[in-house]
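Architecture at a glance
Here is how the chains run, residue by residue.
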Amino acid sequence: MNKSVRPPAAMPSERATGLGFADRGDDIGEPDFQAIQQSPEFKVLRKRLLWFVFPMSAFFLCWYMTFVLFSAYDHEFMSRKLFGAVNIGTGFGLLQFVTTITIVLVYRRYAHKKLDPQVDRIHELAGVGKK
Amino acid sequence: MTSQIAARATGSPIINLSVFFVFVLITLFIVYKVTNRNSTTSDYYAAGSAFSGVQNGIALSGDFLSAASFLGISGAIAVHGYDGFLYSVGWLVAWLVALLLVGERLRNTGRFTVGDVMAYRMKQRPVRAAAANATLVITFFYMLAQMAGAGGLIALLLNVHSKSGQALIITGVGLVMVFYVLVGGMKGTTWVQIIKAGMLLICVTFMSVFLIGKFGFSFSAILGQAAQNSPLGGDLLNPGGWYGSNAMDQLDFVSLSLSLVLGISSLPHVLMRFYTVPDAKEARRSVVWCSWSMFIFYLSILIVGYGATALVGSDTIVNAPGGENSAAPLLAFKIGGAMLLGIVSAVAFATILAVVAGLTLAASASFAHDVYANVIRRGKADPRSEIRVARLTALVMGFLAIIGGIVTNGQNVAFLVSLALALAASANLPTILYTLFWRRFNTTGTLWSIYGGLGSGLVLIIFSPAISGSSTSVFKGVDFHWFPLTNPGLVSIPLSFLCGFLGTILSKHPSDPKKQAEMEVRSLTGIGTRT
C-alpha cells in the first residue's frame, strides 16, 4: 500500500520517567510505529525471522515428539541394543542433545548474519540509533 | 543393611550443616554487597537490566537447575531408569522454545512481568489481572515442588525422621529465602543463582567424570552395572519402567513430555530473567549460554543417575529417608564420603533456596506491578509504595510456601514440577505466542486463552490420579478422580490455543492496529524499549 513511506526520523524514544506501561497514552516523541511496520526493511526482517523460527520450531517439536512417541509406543524397538548396554532409546535421546545444541548454534549464526544487521538498519532509518 | 547405610550417610550432620551454613553466609554477604538499596522498581525487579548475557545465562540455568532437576531427575533415573531420562531430554529441548520464539521478543516488549507483554496491546486491567492470577498459581505449584524437595533432603541430611522436625527445618529454609528476596531483590537473587549454578555444574561434572573413570571410561559399563543393581534388571534401560505399557499410561507419558517441552519457556520466574539484560542480543546470548550449561548438566545427570543405581543400588535409594530424591546425595557419600555429601547437600539446599527466592520474586513482582500498581491503583502508584507491596507479597508467598512444603513433603519433586509446567504451558505459552505473532489477537482472545488454559489445567489436575485415587496420590484413602491422566498437558495446552483462537474470532472488538504495530516493531527491533 504505502510502501514508499519511509519512517520519519523521530526523536529518540525517551518516555517520561514514571511507572511503566500504564501511563502510555501520549505519543509525543514516539517513533511512528505504523510507518515502520509498513516499511520494506521491516517486512524483510519479519519475513527472515518468521521463515526461520517457525519451520525450525516445527522441526524440533516433531523430532522430539518422534522420540517421545517411540518411547511410549514401541518399547521393543527402543530396547534393541546398539552396542554394549546402550540401546536405541538411549542413543535416540542423546541424539536429541546433539540436535538441540546444533539448532542453538545455527540460530545464533543466522541471527548474527541475517537479523542483527537488518535490525540496525531499521534503527538508523527510524532515527533511533543504536543503544 | 539399608538403614545402616542411611544412618551412616547422615552420620555427620555437623559437617553437612557447617558446609551449608558457610554457603549461606557467603551468599548473604554477596547479596549485601551487591545491593544498593533497590530504590527503584527497575532495580528491585530487573536488577536495573544491567547483567550481561553470560551472567544471565548462568543465572537462567540456575533458575532451572532446581531441586527438581538435580534431586528429582537423578532419583528418577536411578530408580526408574529410561523414563527418568526422558525428563532431562524434554528439559533440554525446551530451551529452544525460549531461544527461537520467546526470549528476545519478550525482552524487547516487556519490562518487569509476564503481564507487561500480555497486556501490551490489550485492555490493561482485565489482562493484567488474568496474567497475575496465572503467575501466582503457577508459581505456587512450582514452589510446592521445591519445598517438598527441601523436606526430603533434610530428612536425609540431618537424619530428621519426624514430620514435625522436618516441618521446623522447612520453616527455617523458608525464612532464609524470604530474607534473600527482601534484602537482595533481583540483583541479589541473580548473584545467588550464578554462584549456585556454577557450584552445581562443577559438582555434577566432577561426579560424572569420576564415575566414568571408575567404570573404565565406558558408559556402557555403568549402564550394565546399574541394570544388575536394580530390581527392574535389564528393563531399567528400556522404556516403560515408570509409566507402564497400558494405553492410558502411554498417553500420560506423551502428555507429560508435551508439558516438559512447552512448560519451561512459560514459567514466570524464567521469563522474568530476560528483563535483567540490557537488550535482545544479550537475551539471546543468555539462552545460548544457558543451553550449553543445560547440555553439560543433563549429560552429567544421566551418568550420576545410573551411577547411583550402579554403586548404591535402587533398593537402598528407595528405602533411604527422602526416598527417590536422595539418589544424588547417597551417591556423593559413596564416592566422596561425608565431605562430598556435605557439599552436594549444601549445593542442593542452595538450589532450593535460590529457586524459591526467584519464584517469590516473580510472584511478588507480578502482584505488586500488575495487580497493585496497574489494576488497583490504575497506574498511579509511586514506585516506593509498589516496592513495599512487592516486599509484603514476598512475605505472604514465603508463608504459603512453608505451609505447602510441609503438606507435600515426600512427593517426587520432578513429578510435582511437571504439574506446574503443564499449567504454565497451558496458561502462558499460547497467550504469549499469539500476542507476539498473530495480528488479530485481541483482549477477549487473551482472556480466553489464559483462563481457558489455567482453568482446564487446574480442574484436570484436581480430578486426576495425581491428587486422589491411586497409591501415589497426594490424598490417600479418598477417590474423586475421573480424569485418567496424571498430567493435564495433552488436553489443556491445545484447549488453551483453541480458546485463544475462538475468543479472538468471536469477539466483536477487533485488536488495536496502532498498538499492534507498536508491539510488533518493538518486539522485533527493540525500538522504543527502555532499558
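- Chain A appears in an unreviewed UniProt entry as DUF485 domain-containing protein from Streptomyces hygroscopicus.

Re the overall build of chain A
- Within chain A one finds four helices and two strands.
- Burial analysis of chain A (131 residues in total) assigns 28% to the buried set.

Some points on the overall build of chain B
- Looking only at helices and strands, one finds 22 helices and zero strands in chain B.
- Over its C-alpha atoms chain B spans a radius of gyration of 22 Å, differing by no more than 12% from the 24 Å that the globule rule assigns to 531 residues.
- Principal axes of the C-alpha set define a box for chain B whose edges measure 70 × 55 × 45 Å.
- By residue count, 67% of the 531 residues in chain B fall in the buried class.
- The contacts in chain B between residues at least 6 apart in sequence include a share of 82% that link residues at least 24 apart.

Some details on helix 2 (residues 40-73) of chain A
- Here helix 2 of chain A spans 48 Å end to end across 34 residues, near enough to the 50 Å set by a 1.5 Å rise per residue.
- Among all positions in helix 2 of chain A, only A:Phe42, A:Leu45, A:Leu49, A:Val53, A:Phe60, A:Tyr64, A:Phe67, A:Val68, A:Ser71 and A:Ala72 are buried.

Here's the deal with the packing of helix 4 (residues 88-125) of chain A against helix 14 (residues 280-311) of chain B
- The interhelical angle for the contact between helix 4 of chain A and helix 14 of chain B, taken along N-to-C directions, is 165 degrees, at an axis separation of 10 Å. Taken as axis vectors, helix 4 of chain A and helix 14 of chain B run roughly antiparallel relative to one another. In this structure, helix 4 of chain A meets helix 14 of chain B at a crossing whose hand is left-handed. Within the contact between the two elements, helix 4 of chain A uses A:Phe97, A:Thr100, A:Ile101, A:Val104, A:Arg108, A:Ala111 and A:Asp116 and helix 14 of chain B uses B:Lys281, B:Arg284, B:Val288, B:Ser291, B:Phe295 and B:Leu299.
- Residue classes in the contact of helix 4 of chain A with helix 14 of chain B are distributed as seven nonpolar, two polar and four charged.

Digging into the interface of chain B and chain A
- Residue-level contacts link 53 residues of chain B with 55 residues of chain A.
- Elements with a contribution of two residues or more to the side of chain B that touches chain A: helix 6 (82-93), helix 7 (95-109), helix 11 (219-228), helix 12 (247-263), helix 14, helix 16 (327-376) and helix 22 (513-525) of chain B.
- Here the element with the most residues in the side of chain B that touches chain A is helix 22 of chain B; it accounts for seven residues.

Side note on the packing of helix 4 of chain A against helix 6 of chain B
- Look at helix 4 of chain A against helix 6 of chain B: their axes get within 10 Å of each other, and the N-to-C directions meet at 10 degrees. Comparing their axes, helix 6 of chain B and helix 4 of chain A come out roughly parallel. For helix 4 of chain A against helix 6 of chain B, the interelement crossing comes out left-handed. Within the contact between the two elements, helix 4 of chain A uses A:Gly89, A:Gly93, A:Gln96, A:Phe97 and A:Thr100 and helix 6 of chain B uses B:Tyr82, B:Phe85, B:Val89, B:Leu92 and B:Val93.

Quick word on the UniProt feature "transmembrane region" (unreviewed entry) in chain A
All names here are of chain A.
- This chain's UniProt record puts "transmembrane region" (unreviewed entry) on residues 49-70 and 82-107.
- Counted over residues 49-70, helix gives 100% and strand 0%. Its end C-alpha atoms are 32 Å apart.
- Along residues 82-107 one finds 77% helix and 15% strand; the C-alpha atoms at either end are 31 Å apart.

Description of the environment of B:Ala362
Residue and element names in this part refer to chain B.
- Inspection of the secondary structure assignment puts Ala362 in helix 16.
- Along the sequence, Ala362 and Leu236 sit 126 residues apart, while their C-alpha atoms lie 38 Å from each other.
- Beyond its immediate stretch of four places on either side in the chain, Ala362 contacts Thr135, Thr139, Pro268, His269 and Met272.

A word on the environment of B:Ile301
- Here B:Ile301 shows up in helix 14.
- For the pair B:Ile301 and B:Ile77, spaced 224 residues apart in sequence, the C-alpha to C-alpha distance is 8.6 Å.

Quick word on helix 21 (residues 489-506) of chain B
- With 18 residues, helix 21 of chain B ought to run about 26 Å at 1.5 Å a step, and its terminal C-alpha atoms sit 25 Å apart, in line with that.
- Taken together, the buried positions of helix 21 of chain B are B:Gly489, B:Leu490, B:Ser492, B:Ile493, B:Leu495, B:Ser496, B:Cys499, B:Gly500, B:Gly503 and B:Thr504.

Describing the environment of B:Ala119
Residue and element names in this part refer to chain B.
- With respect to the helices and strands, Ala119 occurs in the loop between helix 8 (114-118) and helix 9 (124-157).
- In the structure, Ala119 is positioned 11 residues away from Ala130 in sequence and 9.5 Å away in space, judged by C-alpha atoms.
- The contact partners of Ala119, leaving out residues within four places of it in the chain, are Gln124, Val127, Arg128 and Ala131.

A word on the confidence of the model for chain A
- For chain A, mean pLDDT is 75; residues scoring 70 or higher make up 74% of the total.
- When the criterion is pLDDT under 50, residues 1-28 of chain A qualifies, and its contacts beyond four places in sequence or with other chains add up to 49 contacts.

Overview of the confidence of the model for chain B
Residues and elements named next belong to chain B.
- Here chain B averages 81 in pLDDT, and 92% of its residues register 70 or above.
- This model gives residues 1-10 a pLDDT under 50, and the stretch forms 14 contacts once residues within four places in sequence are excluded.
- Two numbers describe this predicted complex: its pTM, 0.84, and its ipTM, 0.85.

So, how was this worked out
Residues numbered from 1 in each chain as written. Chains lettered and ligands numbered in written order. Predicted model: local features only at pLDDT ≥ 70, side-chain atom pairs only at ≥ 80, totals over all residues. Helix = DSSP H or I, 4+ residues; strand = E, 2+ residues; numbered from the N terminus. Buried ≥ 20, exposed ≤ 12 C-beta atoms within 10 Å, placed from the backbone. Rg over C-alpha atoms; globule rule 2.2 N^0.38 Å. Contact = placed C-beta atoms within 7 Å. Expected span 1.5 Å × (residues − 1). Axes fitted to C-alpha atoms, helices over the stretch in contact; angles between N-to-C directions. Parallel < 35°, antiparallel > 145°, perpendicular 65-115°, else oblique. Left-handed = near helix turned anticlockwise from the far one by under 90°. Nonpolar A, V, L, I, M, F, W, Y, C, P; charged D, E, K, R; others polar. UniProt positions renumbered as here; feature names shortened; annotations may be inferred. pLDDT = per-residue confidence, 0-100.

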